[in-house]
Amino acid sequence: GDPLGRVDAVRQQLRAIDVTLPLSDVTTLDDQIAESLSSERILATLGSSFGVLALLLAAVGVYGVLAFAVARGPARLASGWRSVRNRATCHG
């Protein structure tokens, strides 16, 4: 059943044993774990969001470079690749 539903019975038993024993802020273990991991969860979500943003910006950048190269024309694109290949082979 519901673990928090038994809190009143536990309080009565504790009062029967010792009236000075405090019993406050009763939560379940699942709630305590969720609360302790909330900051890590926020940081993970924030980091993932920045990663997705970086991936999106990289994709837009690659698209822009390719669109610019294609707009210059196929002949200039081919000559540009030959120039890059020649530089790579000359400088080894």
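Residues numbered from 1 in each chain as written. Predicted model: local features only at pLDDT ≥ 70, side-chain atom pairs only at ≥ 80, totals over all residues. Heavy atoms only, no water.

### Some thoughts on the overall build of the protein
Right, so step 1: Of regular secondary structure, the protein possesses 4 helices and 0 strands.
Right, so step 2: Secondary structure elements in the protein, listed N-terminal to C-terminal, are α-α-α-α.
Right, so step 3: Residue burial in the protein is summarised as follows: out of 92 residues, 4% are buried.
Right, so step 4: Roughly 8100 Å² of accessible area belongs to the protein as shown, and the carbon and sulfur atoms make up 65% of that amount. (Helix = DSSP H or I, 4+ residues; strand = E, 2+ residues; numbered from the N terminus. Buried < 20%, exposed > 50% of the residue type's maximum accessible area, 1.4 Å probe, protein only. Areas by Shrake-Rupley, 256 points an atom, 1.4 Å probe, with all protein chains shown as cover.)

### Describing the environment of D2
Right, so step 1: In this structure, D2 sits in the segment before α1 (7–17).
Right, so step 2: Judged by its relative accessible area of 52%, D2 is exposed.
Right, so step 3: On a C-alpha basis, the gap between D2 and T28 in space is 9.8 Å, while along the polypeptide they are 26 residues apart.

### Let's talk about unusual backbone geometry
Right, so step 1: For D25, which is not a glycine, the phi torsion comes out positive at approximately 55°.
Right, so step 2: Mapped onto the secondary structure, D25 falls in the loop between α1 and α2 (29–36).

### Observations regarding the side chain of T28
Right, so step 1: With respect to the element layout, T28 can be found in the loop between α1 and α2.
Right, so step 2: A distance of 3.2 Å separates polar atoms of two side chains, one belonging to T28 and the other to D31.
Right, so step 3: With sequence-adjacent residues up to four places away left out, T28 is seen in contact with P3 and L4. (Polar contact = N/O pair within 3.5 Å; in protein donor to acceptor, adjacent residues only side chain to side chain. Contact = heavy atoms within 4.5 Å.)

### Here we look at the packing of α2 against helix α3 (residues 38–72)
Right, so step 1: Packing of α2 against α3 leaves a shortest axis separation of 4 Å and a crossing angle of 45°. As the angle between them shows, α2 and α3 are arranged oblique. Counting all contacts with α2, which are made through A34, E35 and S36, the residues of α3 involved are S38, S39, E40 and R41.
Right, so step 2: Counted by class, the contact of α2 with α3 contains 1 nonpolar, 3 polar and 3 charged residues. (Axes fitted to C-alpha atoms, helices over the stretch in contact; angles between N-to-C directions. Parallel < 35°, antiparallel > 145°, perpendicular 65-115°, else oblique. Nonpolar A, V, L, I, M, F, W, Y, C, P; charged D, E, K, R; others polar.)

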